[in-house]
Amino acid sequence: MSVSPNRNPQTPAEEGSTSKLPRHVAFIMDGNGRWATARGLPRTEGHRQGLEALRRAIRHAGKVGIEVITIYSFSSENWSRPETEVSFLMGLLRRFVQRDLSELHDANVRIRIIGGRSDLEPGILALLEEAEDLTKNNTGLNLVVAFNYGARAELVRAAQKLSQKVLSGEIRSEDISEAAITDALDTSGLPDPDLIVRTSGEMRLSNFLLWQAAYSEFYFCDQHWPDFDEAAFDEALSCFGSRQRRYGGVDAKAL
Ligand code: FPP
């Protein structure tokens, strides 16, 4: 796959900014199974086509100049799916990293992994860490892969990290601030998602980026993820562009 190198990502849509391009878009790539079932195909075919849609989304994000995309590729709750589907998804992730890594690296994409690592199969963990390591100095699009990810588990890990620091005397309990919690999360150093897109008609967060989504805009569409193409992505971006973000304040024009 080819991704346009995004070498100028430092123009963030910060609070109060008039920039209409989201700095960070997060995707809940839902509906692979339904896409396949509607065509009389096995669910795994939906995931295979979902990977193609993901490649398109990465390419398009690089092209339009988005700084970060986060993809919910496997949740900590997805382990409860049938064993055959879980192992298919693991294989798909392996193939994605093995086949696309060098091209993503050449396109200046930086890969970050969020989610629980301690219970991952060592082979998968090594592959994911290799992808992070190889691309760590890249300065283009940040591709954040949420794998074995659940937001509540992420918050528990952050609370454990901070309580360890208090116990060791490195910080005091009064030092636990919003910034300290943000910093202790897997997403440390990344901007919060400006826009969260969920396909396939479902309207919920499903334990995705609960802390980080405090001021995110939400966009839900009926397409199943394998049908999410460049035009659908542009539609989501255009909808985001028409939103008024007030962060709890009041629109200056209303005063
Ligand atoms: C949700 O659709 C999708 C997933 C749980 C997996 C997402 C995976 C991909 C888009 C492929 C790329 C994958 C990797 C690992 C890089 P669903 O199966 O819940 O669909 P349904 O709600 O219609 O059953």
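The structure displayed is predicted, hence computed values, not measured ones. Along each chain, numbering runs from 1 in the same order as the chain's sequence is written. Two thresholds apply to this predicted model, a pLDDT of at least 70 for residue-level local features and 80 or more for giving and counting side-chain atom pairs, whereas whole-chain, interface and lining totals are computed over all residues. Side-chain metrics rest on all non-hydrogen atoms present in the structure, leaving aside hydrogens and water.

K.L.:
Is there a simple way to explain the environment of I66 in this structure?
P.N.:
The secondary structure listing takes helices from DSSP runs of H or I that are at least 4 residues long and strands from runs of E that are at least 2 residues long, numbered from the N terminus. The topology assignment puts I66 in the loop between α2 (43-64) and β2 (68-75). Distance in space between the C-alpha atoms of I66 and R152 is 27 Å, their sequence separation being 86 residues.

K.L.:
It is not clear to me how helix α4 (residues 122-135) should be interpreted in this structure. Could you clarify?
P.N.:
Multiplying 1.5 Å by the helix residue count minus one yields the expected span of that helix. For α4, spanning 14 residues, the distance from its first C-alpha to its last is 20 Å, which sits close to the expected 20 Å at 1.5 Å a residue. Every buried residue belonging to α4 is among I124, L125, L127, L128, A131, E132 and T135, and all of these are buried. Down the axis of α4, the smallest arc covering the buried residues is 165°, so these residues share one side. Looking at the buried positions of α4, the neighbouring elements they touch are α3 (83-106), β3 (110-114) and β4 (142-149). Throughout this description, a polar contact denotes any pair of N or O atoms lying within 3.5 Å of each other; where both atoms belong to protein, one of them has to be capable of donating a hydrogen while the other can accept it, and for residues adjacent in sequence the pair is counted only when both atoms sit in side chains. The distance from a side-chain oxygen at the start of α4 to the backbone nitrogen of G123 is 3.0 Å, and the residue carrying that oxygen is E121. Each residue is assigned to one of three classes by its accessible area relative to the maximum for its type, calculated with a 1.4 Å probe on protein chains only: buried under 20%, partly exposed between the two thresholds, exposed over 50%. Read the arc as the range of directions from the helix axis to the C-beta atoms. The contact criterion used is simple: two residues touch if any of their non-hydrogen atoms lie within 4.5 Å.

K.L.:
I tried to follow the site of the ligand on my own but got confused; where do I start?
P.N.:
Note on definitions. A residue lies near a molecule or strand when any single heavy atom of the residue is within 4 Å of it. Close to the ligand lie 18 residues; D30, G33, R34, R43 and R81 are nearest. At 3.1 Å from an oxygen atom of the ligand is found a side-chain nitrogen or oxygen belonging to D30. Here the Shrake-Rupley method, with its probe set to 1.4 Å, supplies the accessible areas, and only the displayed protein chains count as covering residues. Contact with the protein chains hides 92% of the accessible area of the ligand, taken as 620 Å² for the molecule alone. Listing elements by their share of the shell around the ligand, those giving two or more residues are α1 (32-38), α2 and α3. Considering each element in turn, the shell around the ligand owes the most residues, five residues, to α2. All residues other than Ala, Val, Leu, Ile, Met, Phe, Trp, Tyr, Cys, Pro, Asp, Glu, Lys and Arg, Gly among them, are scored as polar; the first ten of these are nonpolar and the last four charged. Here the residues of the shell around the ligand sort into seven nonpolar, seven polar and four charged.

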